[in-house]
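Residues per chain are reported as follows:
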Amino acid sequence: MSTRTIRTDYLARVEGEGAMYVRLEGREVRDVKLRIYEPPRFFEAFLRGRAFTEVPDITARICGICPVAYQTSSVRAMEDACGIAIDEGPIRDLRRLLYCGEWIESHSLHVYMLHAPDFLGYANVVEMARDHGEIVKQALQLHKAGDSLMAVVGGREVHPINVRVGGFFRAPSRRELQTMVEPLERARETALATVRWAAGLPFPEVALDPEYVALADGDQYPIDLGRIVSDRGLDIAPAQFGEHFVEEHVEHSTALHSRVRERGTYLTGPLARYNLASQRLRPLARDAARDAGLGETCRNPFQSIIVRGVELVQATDEALALIENYEPPDSPAIAVEPRRAVGHGTSEAPRGMLYHRYEIDDDGTILDAWIVPPTSQNQRAIEEDLRAVVERYMDLPDDELTIRCEQAIRNHDPCISCSTHFLELTVERG
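Please read these numbers as outputs of a predicted model, since none were measured by experiment.

A separate point is the nonpolar core. Within the largest apolar cluster, 94 residues are counted, with the highest numbers of intra-cluster contacts made by Leu-97 and Tyr-358. Per-element accounting of this core gives the leading share, 15 residues, to helix α4 (residues 90-120). The next biggest cluster of nonpolar side chains, apart from the first, holds 19 residues, and it includes Val-29, Val-390, Met-394 and Leu-401.

Spelled out as structure tokens, the structure:
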């Protein structure tokens with residue numbers, strides 16, 4: 001019986017450092033691992049002892065691509081602990097507008113810079129640009145629009161400095177937001193073109209059936225708040241996250257693996273959002289999805305590039321609507337007084353649901369922190385995806401199978417640097 005080993009020691013075009021390992025014996029897939037070997041960066045540990053007002057600036061440093069997600073989940077958790085809920089009004093609208101900027105810059109980066117080379121047969125975007133310059137120009141135009149929106153609302157593009165517990169340090173004027181109308185209108189047209197282009201790519205025939213988990217926010221497509229729901233009957237408040245989900249250490253990864261208690265693997269992210277809330281997309285995005293051949297659900301992870309394109313249409317169109325209806329708040333923030341309590345916050349990062357839990361003291365000192373990034377939630381699903389791809393395409397030569405496996409990982413746009421935890425250490429002495 002022959003043994004084949006497929007190994008990629010350094011995954012390209014993912015955010016962070018990781019590796020892939022696959023072992024086949026004959027026609028049986030014996031082992032599949034997504035190895036995350038970056039040292040944990042201990043954000044949960046060094047948040048302890050800091051003031052509750054510091055969480056937006058500290059947690060934003062977890063990721064330079066999706067800092068708004070960490071800021072939003074963290075401030076919602078702190079506001080929850082302090083008995084505050086900003087679920088409507090101009091402050092909530094500004095938060096959602098800022099989040100749209102992040103979706104635009106993150107999805108455009110992934111669709112064109114990280115994912116498109118796989119479909120077009122290039123090792124990287126630099127090689128791709130030589131033959132597909134217009135595609136790269138589209139990516140840069142979209143990315144710039146998202147960055148500019150984050151700068152106007154958040155104070156700067158990377159690690160925004162305008163977010164605080166209770167709202168913002170400063171609310172932009174209507175005139176300032178109006179400067180974003182023309183760039184966003186152009187970005188919206190580019191987003192529509194992105195969906196049309198992505199729909200014409202060649203897609204491997206793979207269908208997965210994990211439990212899809214995302215937020216539910218009434219009649220809106222989920223971005224900045226909501227209950228946690230799934231396609232298998234889950235419907236809980238963020239405070240119940242720990243009752244239904246569990247994180248576990250695995251030997252081959254410094255990031256934890258998550259599962260639904262007593263059920264197993266689940267997937268969060270664009271496919272989950274789309275499968276659970278496609279009917280809540282704005283009409284323009286819903287029409288774009290239909291014209292691209294997507295039904296109300298999509299279970300082929302390789303087609304997630306189309307879904308991200310649809311979410312680009314959603315984010316640009318919603319951003320324009322929020323700007324059109326914007327009225328500056330009387331105050332950019334509401335007063336938030338600390339109390340001894342536990343708070344929970346969730347939001348939809350570009351890569352999926354992001355959960356924060358904090359315990360604070362009477363004076364607002366953080367006593368404990370628990371952060372569950374999307375990538376750690378999706379690692380089991382990514383490995384099961386890898387297994388399905390290998391089983392489907394094991395007759396390919398090793399080099400082609402390796403490329404297919406790497407593409408399967410990049411379907412999920414893993415942000416490997418989100419290894420936030422402090423690993424438990426057990427010392428036995430004789």
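Where strands meet in a sheet, backbone hydrogen bonds hold them as pairs that are either parallel or antiparallel. Taken together, four strands build an open sheet; the order of strands is β8-β7-β6-β11 and the sheet is mixed. With partners counted over all chains shown, the strands left at the sheet margins are β8 (235-236) and β11 (266-267), one partner each. Lying over the sheet, helix α10 (residues 270-277) contacts β6 (211-216), β7 (227-230) and β11, oriented at roughly 75° with respect to β6.

Another point: the environment of Gly-64. Looking at the element boundaries, Gly-64 is found in the loop between α2 (55-59) and α3 (67-81). Note: C-alpha distance between Gly-64 and Phe-52 (12 residues apart in sequence) is 21 Å. Not counting chain neighbours up to four residues away, the residues in contact with Gly-64 comprise Val-158 and His-159.

Running from amino to carboxyl end, helix α8 (residues 181-199) crosses helix α12 (residues 304-324) at an angle of 160°, the nearest separation of the two axes being 8 Å. With respect to α12, the element α8 is oriented roughly antiparallel. As for the relative orientation of α8 and α12, their crossing is left-handed in sense. Across the interface between the two elements, Val-181, Leu-184, Glu-185, Ala-187, Arg-188, Ala-191, Leu-192, Thr-194, Val-195, Trp-197, Ala-198 and Ala-199 of α8 pack against Ile-305, Ile-306, Gly-309, Val-310, Leu-312, Val-313, Thr-316, Asp-317, Ala-319, Leu-320 and Ile-323 of α12.

The rules behind the values
Residues numbered from 1 in each chain as written. Predicted model: local features only at pLDDT ≥ 70, side-chain atom pairs only at ≥ 80, totals over all residues. Heavy atoms only, no water. Core = buried A, V, L, I, M, F, W, Y, C linked by side-chain atoms within 4.5 Å. Buried < 20%, exposed > 50% of the residue type's maximum accessible area, 1.4 Å probe, protein only. Helix = DSSP H or I, 4+ residues; strand = E, 2+ residues; numbered from the N terminus. Pairing = 2+ DSSP bridges. Contact = heavy atoms within 4.5 Å. Axes fitted to C-alpha atoms, helices over the stretch in contact; angles between N-to-C directions. Parallel < 35°, antiparallel > 145°, perpendicular 65-115°, else oblique. Left-handed = near helix turned anticlockwise from the far one by under 90°.

Read these as spatial facts, not as claims about activity.
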